[in-house]
Amino acid sequence: MQSYWFGDVDENGCTPYRGGPEALAKRLETIPSSPDSFTPFDWRNAEKCSFTPDRGEYIRKLRELCFYLSEAGITRQYESRDAELLQMVRTLDQLDEVSNVLTERALEWHRITNPGFSRKYMRLPKQKLLPMMKRGGSPAFRQVINEIENLASVRTALMKEVSRRADEVLPNCSALLGGLVAARLVSQAGSLATLSRLPGSSIQVLGARTALFSHMRGGTPPPKHGIIFQHRRVHNAPKEVRGKVARVLAAKLAIAARLDQYRQELAEEFIETAQAAIDNAGSIT
Amino acid sequence: MIWVENVLVSSGEGGVYGERMLREFRVWDPYRSKLAAYYYLGGEFELKRDLVVLYLGAANGTTVSHVADYAGTVYAIEFAPRPMQDLVAVARRRNNVVPLMADAAQPDRYAPLLEVADLIYQDIAQPEQVKIAIRNSMFLRDDGRMLIMLKTRSIDTAEEPGVVLEHSVSELATARISVLDTKWLDPYHRDHAAILCSPARN
């Protein structure tokens, strides 16, 4: 006997399932999946089945079921806890880009209206630079600067939200890496589920795509770190052990991501030993 | 296939993805669709009204919509939720498209929903692409055809595309699938090859 979405078929004929898409979908889950013994349904042998003689009706019912399944599947994917975090962190990074581009342009504008402007002002931090530029500009120019300052406050609020959400969704990765960088890691991998299936060596170079491919194509040394470089213990490590720290951290992150995906709570014991191992990697003996 | 003034077209309701219209036909752009490129380069496998097509890697359903204009029934498999939203919208406007949200690498998960297919068309960016095609060949009729759009750069970025194609062909041969024809899709798609194959006769 072989089970299909519409019913069971054996040499005596066909026993159709009754019910709407919802019932059929539930039924579908109970059909055992065994790729070796499965015989796909062949329309040419359909005359046995009282439900199927009309192909138009067959396809109509099947489509009804498949629309139901597809929509349920899309909803399920978007409901996963990391989906929104992903959008948040991408928005955050894009806010940075926009704000930098606008600041650069405003600087060029400011330079033209102020002959005394020189390179030394460029080194000022943004918070000082912007109010300085605002003095004496045209009304439209001042509005642009206001908008940039606005973006900065939006960014601060969003960053807090990202960290908070990351602590919730990625407790273990956040404990090792900090919420923001952990969220970026997930964003680069595509989803927490994908990240949790990556080996440590891939996590280590996540976000170093260009360097990795130029290495694989030939010649250049392999990248030591991708996104995890943003973590202080990697970028503060002495150069000679930086690769080692990145490697150990990435290996621990691979475990942390799996904990986040499947246990969904903080594993304090693991974090403790992992922190010790990472610190140990960073100390020069 | 329908050609109007040497432009490949299909007949169906327009406005699926902003495609151009030529008289009452929908223009099928070879630069956007690998299947269209295959026909521009003289591909001989013709889509016909009585065909059941299993389409792996349906994406947003742009090529699917053209295939559906020619073929009988199209089972469109896509895995990612975002293109799936577009695909569902396309399927709603074409009543011979069956959308399935599933991973093509796990055919047993959607097997009960399918039927035996006359053509398996595969366009997925996976290093395991050929293995996935072989796994899905269980749905293929004995005299059916499989058309694989080989993305050599997704299979191995570092290897020469020609070598990747050779490997893929021998991988198919080991799985008792004989290759009838291969075609590079230059200049429409770089480093992509079309492989037309069929199950080997016992």
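Parameters and conventions
- Residues numbered from 1 in each chain as written.
- Chains lettered and ligands numbered in written order.
- Predicted model: local features only at pLDDT ≥ 70, side-chain atom pairs only at ≥ 80, totals over all residues.
- Heavy atoms only, no water.
- Helix = DSSP H or I, 4+ residues; strand = E, 2+ residues; numbered from the N terminus.
- Rg over C-alpha atoms; globule rule 2.2 N^0.38 Å.
- Buried < 20%, exposed > 50% of the residue type's maximum accessible area, 1.4 Å probe, protein only.
- Contact = heavy atoms within 4.5 Å.
- Areas by Shrake-Rupley, 256 points an atom, 1.4 Å probe, with all protein chains shown as cover.
- Arc of directions from axis to C-beta.
- Buried area = accessible area lost by both parts, 1.4 Å probe.
- Salt bridge = Lys/Arg side-chain N within 4 Å of Asp/Glu carboxyl O.
- Polar contact = N/O pair within 3.5 Å; in protein donor to acceptor, adjacent residues only side chain to side chain.
- Nonpolar A, V, L, I, M, F, W, Y, C, P; charged D, E, K, R; others polar.
- Core = buried A, V, L, I, M, F, W, Y, C linked by side-chain atoms within 4.5 Å.
- Pairing = 2+ DSSP bridges.
- Axes fitted to C-alpha atoms, helices over the stretch in contact; angles between N-to-C directions.

Draft legend 1. Representation of the overall build of chain B. The number of helices and strands found in chain B is 6 helices and 11 strands. Relative to the 2.2 N^0.38 estimate, which gives 17 Å for 202 residues, the radius of gyration of chain B is 16 Å and therefore close to what a compact globule would have. Projected onto its principal axes, the C-alpha coordinates of chain B cover approximately 45 × 40 × 35 Å. Per-residue burial over chain B gives 56% buried out of 202 residues. Taking the contacts inside chain B whose residues are at least 6 apart along the sequence as the reference set, 55% of them involve residues at least 24 apart. Summed over its atoms, the accessible surface of chain B is roughly 8,400 Å², and 46% of this surface lies on carbon and sulfur atoms.

Draft legend 2. Examining helix α1 (residues 21-30) of chain A more closely. All names here are of chain A. Burial in α1 covers these residues: Leu-24, Ala-25 and Leu-28. Buried residues of α1, viewed axially, fall in a sector of 100 degrees; they line one side. Away from its buried face by more than 90 degrees, α1 exposes Lys-26, Glu-29 and Thr-30. Buried residues belonging to α1 abut α2 (55-79).

Draft legend 3. Just the interface of chain A and chain B, in detail. Counting residues at the interface gives 31 residues for chain A, matched by 32 residues for chain B. Of the roughly 2,700 Å² buried where chain A meets chain B, counting both sides, 63% is carbon and sulfur surface. Across the chain A-chain B interface, the total number found is 3 salt bridges. One salt bridge connects A:Glu71 with B:Arg92, and the closest N-O pair in it is separated by 2.9 Å. On the surface where chain A and chain B come into contact, there are 12 residue pairs in polar contact (both at pLDDT 80 or more). With 15 residues, α2(A) is the single largest residue contributor to the side of chain A that touches chain B. Here the residues of the side of chain A that touches chain B are counted per class, giving 20 nonpolar, 5 polar and 6 charged.

Draft legend 4. Looking closely at the nonpolar core. Ranked by internal contacts, the top residues of the largest apolar core, which has 50 residues, are A:Trp5, A:Phe6, B:Leu54 and B:Tyr75. Of all hydrophobic cores here, the second largest spans 47 residues; its members include A:Leu86, A:Leu180, A:Val181 and A:Ile271.

Draft legend 5. Representation of the sheet that holds strand β10 (residues 177-184) of chain B within the structure. Across the sheet, 7 strands lie side by side as β7-β6-β5-β8-β9-β11-β10 (chain B); this open sheet has mixed pairing. Here the strands that pair on one side only, and so sit at the sheet edges, are β7 (97-101) and β10 of chain B. Strand-to-strand twist across the sheet, computed as the mean angle between neighbouring axes with direction ignored, equals 15 degrees. Here α2(A) sits on the sheet in contact with β5 (52-56), β6 (73-78) and β7 of chain B, set at roughly 30 degrees to β7(B). Strand contacts of helix α4 (residues 129-136) of chain B: β5, β8 (117-122), β9 (140-151) and β10 of chain B, with the helix running at about 165 degrees to β9(B), the strand carrying the most contacts.

Draft legend 6. Geometry of the environment of B:Ser154. Residues and elements named next belong to chain B. Counting through the fold element by element, Ser-154 comes out in helix α5 (residues 152-155). On the accessibility criterion, Ser-154 (28% relative accessible area) is partly exposed. Ser-154 sits 28 residues away from Gln-126 along the chain, and the two C-alpha atoms are 5.9 Å apart. Among all residues touching Ser-154, those that are not within four sequence positions of it are Ala-125, Gln-126 and Pro-127.

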